[in-house]
Amino acid sequence: MGVRRIASNYIWSRERGFEAHPVAVVGDGGDITSFKLLADPDREPMTEFFSGVLVGGFPSAWRETFAEMMASPCRTLDTLLRERVGDGGCVVVISGLDYATMSLTQRSQLLKIR
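Presented here is an overview of the structure given in this document. Note that the coordinates shown come from a computational prediction; the quantities given were computed from them, not determined experimentally.

Looking now at the overall build of the chain. Looking only at helices and strands, the chain has 2 helices and 7 strands in total. Secondary structure elements of the chain occur, N-terminal to C-terminal, as β-β-β-β-β-α-α-β-β. Radius of gyration (C-alpha) of the chain: 13 Å, near the 13 Å computed for a compact globule of 114 residues. If one aligns the C-alpha atoms of the chain with their principal axes, the spans along those axes are about 40 × 30 × 25 Å. Across the 114 residues that make up the chain, the buried fraction comes to 42%. On the chain, roughly 6,200 Å² of surface is accessible, and the fraction owed to carbon and sulfur atoms is 50%. The positive charge centre, built from 13 side chains, and the negative charge centre, built from 14, are 3 Å apart in the chain.

What follows deals with the nonpolar core. Ranked by size, the top nonpolar core spans 18 residues in total, and within it V55, F58, M69, L77, L81, I94 and L104 carry the most contacts. Going through the elements one at a time, β5 (48-58), α1 (62-71), α2 (77-84) and β6 (90-95) are the ones with two or more residues in this core. Among residues more than four places away in sequence, those in contact with L77 are F18, V53, M69, I94, L97, M102, S103 and L104. Counting residues in hydrophobic clusters, the runner-up holds 9 residues, among them A24, F50, L54 and V93.

Turning our eyes to something else, we now look at the packing of aromatic side chains. Per the counting criterion, the structure on display carries 1 aromatic pair. Between Y10 and Y99, the aromatic rings sit 5.9 Å apart at their centres with planes inclined by 20°, giving stacked as the arrangement. Placement of Y10 in strand β1 (residues 4-13) and of Y99 in the loop between β6 and β7 (109-112) is noted, with a sequence separation of 89 residues between them.

On to the pattern of salt bridges. Summed over all chains, the structure comprises 6 salt bridges. The residue R82 makes a salt bridge to D78 at a minimum N-O spacing of 3.0 Å. With R82 and D78 both in helix α2, this residue pair falls 4 residues apart, about one helical turn. Several salt bridges converge on common partners, so that one network encompasses E68, E83 and R84.

The rules behind each value
- Residues numbered from 1 in each chain as written.
- Predicted model: local features only at pLDDT ≥ 70, side-chain atom pairs only at ≥ 80, totals over all residues.
- Heavy atoms only, no water.
- Helix = DSSP H or I, 4+ residues; strand = E, 2+ residues; numbered from the N terminus.
- Rg over C-alpha atoms; globule rule 2.2 N^0.38 Å.
- Buried < 20%, exposed > 50% of the residue type's maximum accessible area, 1.4 Å probe, protein only.
- Areas by Shrake-Rupley, 256 points an atom, 1.4 Å probe, with all protein chains shown as cover.
- Lys, Arg positive; Asp, Glu negative; His and termini not counted.
- Charge placed at Lys NZ, Arg CZ, Asp CG, Glu CD.
- Core = buried A, V, L, I, M, F, W, Y, C linked by side-chain atoms within 4.5 Å.
- Contact = heavy atoms within 4.5 Å.
- Phe/Tyr/Trp six-rings, centres within 6.5 Å; stacked < 30°, edge-to-face > 60°.
- Salt bridge = Lys/Arg side-chain N within 4 Å of Asp/Glu carboxyl O.

Okay, here's the thing in C-alpha cells:
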C-alpha cells in the first residue's frame, strides 16, 4: 500500500502536545514515522489534507475509545488523549472541535486514517 503523506490543522503527541500545520508520513504499519510543520501544509504535492487534529497511537478499538471520550465529563482533548493514546494502535483525525480550548464538542467526529 505504501506510505501516505497527511496534512492537517494540528498534530498531537504525548511529548509535544498540539502543534499547528503538520505534514506527517504515515507508514504501512499505521504509525506516524515522521512529520514536519509548514506554513501551508495543504499545498504540499502528493499530500492528503484532513481538517482536525492528527493523532498517532490511538487505540485499535477506535470506535469504542472515541465513544468513551465523547461520553466523558472531561472534554479537554489533551487530557482525554493522554489517558488513552500509547504505542501501536492506529492513526486518526479528530474534527469538530472547539479549537480555542482544544475540547470535544457535540459535533466532534473521528476518522481512522490507517
